[in-house]
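# Results of the structural survey
Listed below, chain by chain, are the residues.
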Amino acid sequence: MPRPTARNLAPNLRRRGSRTPDAAAGTGQGLIDLLPSVEVELATTDKKLAKVTADAVVLAVQKTPAGPVVLLPADAKGLPLDLEEQAKAVGATGAADEVKKLAAPKGSPWPSIVLTGLGTGDESPSHVEALRRSAGSATRALGKTDHAVFAFPVESVEEAAAVAEGIALGAYGFRAQKAKTAHSVGAPLTRATVLTSGIEAQEQELTAAVNRAEVLGRAVSRARTLVTLSPDVVFPESVAELAQALADGSTTSGKSSGELTVEVLDESELRAGGFGGLIGVGQGAARPPRLVRIGWEPKSPVESVALVGKGITFDSGGLSLKPANSMMTMKSDMAGAAAVLATVFAAAEAQLPVSVTGWLCLAENLPSGTATRPGDVITIRGGRTVEVLNTDAEGRLVLADGLVAAREEDPGLLLDIATLTGAQMVALGTRTAGVMGDDDAVETVLAASVASGEDLWPMPLPQHLRASLDSDVADLKNIGDRNGGMLVAGLFLKEFAGAQEAAGESAVEPVGPWAHLDIAGPSFNEDGPWGYTPKQGTGFGVRTMFSVIEMVGGEPV
């Protein structure tokens, strides 16, 4: 990917050095006060298991045709000799997401033995991901526990890192808006130690792996909470205020290696700047839209990446009103923006050597006398016109504005992430996201998804579907062929972001590649928790985008 020769702010973007006034009016508190303030403390040790004192020891169990097999660490001294018989007695099978508990022998340095299933190996895309999910399942079951030692048979830094990451992701519980029932959530595991006696590695490698797991745990937790919080507290102004508050409270900018900035466009500036997508979608709501640019600029960047997130903080469908049942989870329609916000701050915390800009395209999509009507024509940033035939296909309109603004800075790689289409879930289900776009960008995202454990699947952008977006009265319309709806939405975004389409309008040649991630299904879990994934907001996309930035910067993943 080419290095940009210059980075120019999009016209009319202004830097704000203080929080947006009255952003949380009516909420009683700012969003930053609702984010998790407690996290698990991670460590590693190369001591023998019998020398580690904890409240519980966690062991992995493999499911096999012959029955459960407890995978013991290199030194299993202190564990019961008949452990597998005891495991069978309590019903352990080794199935994925299964957690069983045993009493440890009298005098053990840990009074409880926790058995967590790895499955057969077919349930996860890799052994590393199986370790990550198994550690997450055990951590969820260890609420109200102070300290646990995870004695998995890890043989590499990568495997130890996966266990640490699973712990960090599993130690999550949403209690921000619970009052009388907050106790039902329970406190997460306080401390976890990963046993690494079977690994030949330098201490700094393991320390770096643990630090990375902690950074990602904080980032994913932040994104999950933003998606799970109710839409009366998460709205465009409050999210803009949160971004500024996080930047104000960050210690990153005090370091010599980079600067963290937040810039906001309000509704009058959006209108003056020609951001017709955001204005058109948000004009029916009492709370106006915002475009937020979060920038991490290291001292000597090796490359630049732009991330654009759909941030519809509540989607009623607008005048093309959704059925009541379809609105119940529409607080989650800002999961893309939540993931972008969390990723940029994580990149800054980790001091990644890549310029990262996050664009949060924030609006509420509500019906009113001022809402956009089916048949209206709006003008996207840059001048292209769009006939709006369905106001419930609004995410692509705000993303178009964000993508054009991001392209104006000529990033080396451009990604957008959005809960964009119900067709994504029809095609891929609720745990697998779709990725499409320019080949180079798609390949990078897929490689990062494998490293992170998040499940993405490549989808095409068939040119024969493009004609269905042609409009009789504007440059294009916001809906096309119903069949292949996920692909049609991707083709719409390609008009504003694709490398080939953007090359003719850019001062830099060639233009950095683009990929679109449709996370409609995996961003929000309506079923029960599994692995390290909680119910409600999942934080999907944060780890993949973070890994993309690492790959672009030449960092090991």
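For the structure itself, consult the block above.
In this text the structure is predicted, and so the values were computed from the model without any measurement. (Residues numbered from 1 in each chain as written. Predicted model: local features only at pLDDT ≥ 70, side-chain atom pairs only at ≥ 80, totals over all residues. Heavy atoms only, no water.)

### Considering the overall build of the chain
When its secondary structure is counted, the chain shows 15 helices and 20 strands. The C-alpha radius of gyration computed for the chain amounts to 24 Å, which stays within 12% of the reference 24 Å derived for 557 residues, consistent with globular compactness. Counting only C-alpha atoms and orienting by the principal axes, one finds that the chain spans roughly 80 × 50 × 50 Å. Relative to its full complement of 557 residues, the chain shows a buried share of 60%. (Helix = DSSP H or I, 4+ residues; strand = E, 2+ residues; numbered from the N terminus. Rg over C-alpha atoms; globule rule 2.2 N^0.38 Å. Buried < 20%, exposed > 50% of the residue type's maximum accessible area, 1.4 Å probe, protein only.)

### Side note on the pairing of strand E9 (residues 290-298)
For E9, a buried count of 8 out of 9 residues is recorded, marking the element as mostly surrounded by other parts of the structure. In this structure, strand E8 (residues 258-265) lies alongside E9, joined through 8 bridges in antiparallel fashion. Residue Leu265 lies in a different strand from E9, and its bridge partner there is Leu291. Two strands pair when backbone bridges link them, and E9 and strand E11 (residues 355-365) are joined in this way by 7 bridges, in the antiparallel orientation. (Pairing = 2+ DSSP bridges.)

### Things to note about the packing of aromatic side chains
How two aromatic rings sit relative to each other is given by the distance of their centres and the angle of their planes. Evaluation of the coordinates by the stated rule reveals 2 aromatic pairs. Between Phe150 and Phe152, the aromatic rings sit 6.0 Å apart at their centres with planes inclined by 50 degrees, giving tilted as the arrangement. The two residues Phe150 and Phe152 agree in class, both being buried. With a centroid separation of 5.3 Å and an interplanar angle of 50 degrees, the aromatic rings of Phe492 and Phe496 are classed as tilted. Highlighted residues: Phe492 and Phe496, both in helix H13 (residues 485-497), separated by 4 residues, approximately one helical turn. Looking at Phe492, the relative accessible area reads 0%, which means it is buried. (Phe/Tyr/Trp six-rings, centres within 6.5 Å; stacked < 30°, edge-to-face > 60°.)

### Digging into the sheet that holds strand E13 (residues 385-387)
With mixed pairing, 3 strands are arranged side by side in an open sheet as E12-E13-E17. In this open sheet, the two edge strands, each paired with only one partner strand, are strand E12 (377-379) and strand E17 (476-477). The sheet contact formed by E12 and E13 spans 3 bridges and is antiparallel. The residue bridging Val377 from the neighbouring strand is Glu387, located in E13.

### Some points on empty space enclosed by the protein
Evaluation of the coordinates by the stated rule reveals 4 cavities of 30 Å³ or more. Looking at the largest cavity, its volume works out to about 80 Å³. When grouped by side-chain class, the residues that make up the lining of the largest cavity number 6 nonpolar, 6 polar and 1 charged. (1 Å grid on protein atoms, 1.4 Å probe; cavity = no way out; pocket = protein on both sides within 12 Å on 5 of 7 lines; lining within 4 Å. Points joined across faces, edges and corners; volume = space filled by probe spheres on them. Nonpolar A, V, L, I, M, F, W, Y, C, P; charged D, E, K, R; others polar.)

### Focus: the pattern of salt bridges
Scanning the entire structure with this criterion turns up 23 salt bridges. Between Glu165 and Arg543 there is a salt bridge, with its nearest N and O atoms 3.1 Å apart. You can see Glu165 sitting in helix H3 (residues 157-170) and its partner Arg543 sitting in helix H15 (residues 542-552), a full 378 residues away along the chain. The closest approach of N and O atoms between Arg543 and Glu454, which form a salt bridge, is 4.0 Å. On the criterion of sequence distance, the pair formed by Arg543 in helix H15 and Glu454 in the loop between helix H12 (439-452) and strand E16 (456-458) is long-range, its members being 89 residues apart. (Salt bridge = Lys/Arg side-chain N within 4 Å of Asp/Glu carboxyl O.)

### Describing the pairing of strand E10 (residues 304-315)
With respect to burial, E10 is a largely interior element, 12 of its 12 residues being buried. Two elements, E10 and E11, share 11 bridges in a ladder whose sense is parallel. Residue Ala306 lies in a different strand from E11, and its bridge partner there is Thr357. By the bridge criterion, 5 bridges tie E10 to strand E14 (residues 413-418) in an arrangement that is parallel. Bridge pairing in E14 links Gly309 to Ile417.

### Concerning the environment of Ser238
Along the chain, Ser238 turns up in helix H5 (residues 236-249). Given the relative accessible area of 1%, Ser238 is considered buried. With 52 residues separating them in the primary sequence, Ser238 and Arg290 have C-alpha atoms 9.8 Å apart.

### Describing the nonpolar core
Core analysis: the largest hydrophobic core is formed by 70 residues, its most contacted members being Leu31, Val292, Ile294, Leu307, Leu341 and Leu360. With 12 residues, the single largest contributor to this core is helix H9 (residues 335-349). Sequence-distant contacts of Val292, defined by excluding residues within four places in its chain, comprise Ala240, Ala243, Val262, Glu263, Val264, Gly358, Trp359, Leu360 and Leu362. Judged by nonpolar contacts, the second largest core, of 44 residues, contains Val388, Leu403, Leu461 and Trp514. (Core = buried A, V, L, I, M, F, W, Y, C linked by side-chain atoms within 4.5 Å. Contact = heavy atoms within 4.5 Å.)

### A short note on the side chain of Ser221
Topologically, Ser221 is positioned in helix H4 (residues 203-228). Filtering out sequence-adjacent residues up to four positions away, Ser221 remains in contact with Pro36 and Tyr172.

### Focus on unusual backbone geometry
The phi dihedral of Lys144 is positive, around 70 degrees, even though this residue is not glycine. Under the relative-accessibility criterion, Lys144 is labelled exposed at 66%. Non-glycine residue Asp410 carries a positive phi angle of around 50 degrees. Structurally, Asp410 can be placed in the loop between helix H10 (395-407) and E14.

### What about H12?
The first and last C-alpha atoms of H12 sit 20 Å apart over 14 residues, in line with the 20 Å expected at 1.5 Å per residue. For H12, the set of buried residues is Ala441, Val442, Thr444, Val445, Ala448, Ser449 and Ser452. With its buried residues spanning 160 degrees around the axis, H12 presents them on a single face. Among the exposed residues of H12, those pointing more than 90 degrees away from its buried face are Asp439, Asp440, Glu443 and Val450. Following H12 by one or two positions, Gly453 adopts a phi angle in the positive range, close to 90 degrees. (Expected span 1.5 Å × (residues − 1). Arc of directions from axis to C-beta.)

### Some remarks on the sheet that holds strand E15 (residues 433-437)
With respect to topology, 8 strands assemble into an open sheet ordered E8-E9-E11-E10-E14-E18-E15-E16, the strand pairing being mixed. Of all the strands in the sheet, just E8 and E16 have a single pairing partner and so form its edges. Here the strands of the sheet are splayed against their neighbours by 20 degrees on average, with no regard to which way each runs. Of the pairings in the sheet, the one linking E15 to strand E18 (residues 514-518) comprises 4 bridges and is antiparallel in character. Note on E18: the bridge partner recorded for Met436 is His516. Sitting on the sheet, H9 touches E8, E9, E10, E11 and E14, and the angle it makes with E10 is about 140 degrees. (Axes fitted to C-alpha atoms, helices over the stretch in contact; angles between N-to-C directions.)

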